[in-house]
Amino acid sequence: MISKIIIEKDQIFVAKIKGAAKNLKAKILDDLILDYYPAEEVPIKAKLFYDDIKAPIKKGQKIGVLKVVDMDGKMIVSQNVYAIENVSRTLISWLKDLF
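This is a predicted model, so every value here is computed, not measured. (Residues numbered from 1 in each chain as written. Predicted model: local features only at pLDDT ≥ 70, side-chain atom pairs only at ≥ 80, totals over all residues. Heavy atoms only, no water.)

> Where do I start with the overall build of the protein chain in this structure?
Across its full length, the protein chain holds one helix and seven strands. The helix and strand sequence of the protein chain, counted from the amino end, reads β-β-β-β-β-β-β-α. On C-alpha atoms alone, the protein chain measures out to a radius of gyration of 17 Å, which is more than a quarter above the 13 Å that the 2.2 N^0.38 rule sets for 99 residues. For the protein chain, the spread of C-alpha atoms along the principal axes amounts to about 60 × 25 × 15 Å. Looking at the protein chain residue by residue over its 99 residues, the buried ones come to 27%. Contacts spanning at least 24 positions in sequence make up 60% of the contacts within the protein chain whose residues lie at least 6 apart. Of the side-chain charges in the protein chain, 17 are positive and 13 negative, and the distance between the mean point of each set is 11 Å. (Helix = DSSP H or I, 4+ residues; strand = E, 2+ residues; numbered from the N terminus. Rg over C-alpha atoms; globule rule 2.2 N^0.38 Å. Buried < 20%, exposed > 50% of the residue type's maximum accessible area, 1.4 Å probe, protein only. Contact = heavy atoms within 4.5 Å. Lys, Arg positive; Asp, Glu negative; His and termini not counted. Charge placed at Lys NZ, Arg CZ, Asp CG, Glu CD.)

Shown next as C-alpha cells:
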C-alpha cells in the first residue's frame, strides 16, 4: 500500500468573503493523505466547499470542507478547513445591518 500526501497542512486557501475587511485565509489541520494500492491509483481532484459564512470570522472557526473526489465525483476522503486568522467586518457592512 502507498500513502501519498495530496495536500499539505501548510497549504493556505484564500477566499474573498462579502462584507469582510480582508481576504479569508484558511488551512487544514493535518496533511490530507490518500492510501491506495498501486494498481488502484485513479485520477483525483480536490474541491473546497465553503460553509455559508460571513464576517466576522474567528481564528480556528470551521469554514468548509476539502474533499478529494475521483473523476466520477465520488468522494474518496475529506477534511475540515479552518480559518487561520480573525476576519472582521467592514464598516460599511456593519452600517448596512443597522439600517
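Continuing now.
> What am I meant to see in the packing of aromatic side chains here?
Aromatic ring pairs: the centre-centre distance and the angle between the two ring planes describe each pair. The full count for this structure, using the stated rule, is zero aromatic pairs. The ring centre of Phe49 lies 5.0 Å from the NZ or CZ of Lys67, which sits over that ring. (Phe/Tyr/Trp six-rings, centres within 6.5 Å; stacked < 30°, edge-to-face > 60°. Lys NZ or Arg CZ within 6 Å of the ring centre and 35° of its normal.)

> What's the story with the pattern of salt bridges in this structure? I'm lost.
Side-chain pairs of opposite charge can arise where the charged atoms are in close proximity. Applying the stated rule across the entire model yields three salt bridges. Lys4 serves as the salt-bridge partner of Glu41, at 3.9 Å between the closest nitrogen and oxygen. Of this pair, Glu41 sits in the loop between strand E4 (32-36) and strand E5 (44-50) while Lys4 sits in strand E1 (residues 2-7), and the two are 37 residues apart along the sequence. A residue is classified by how much of its surface remains accessible, and Glu41, at 48% relative accessible area, is partly exposed. With a closest N to O distance of 2.9 Å, Asp51 and Lys62 form a salt bridge. Of this pair, Asp51 sits in the loop between E5 and strand E6 (62-70) while Lys62 sits in strand E6, placing them eleven residues apart in sequence. (Salt bridge = Lys/Arg side-chain N within 4 Å of Asp/Glu carboxyl O.)

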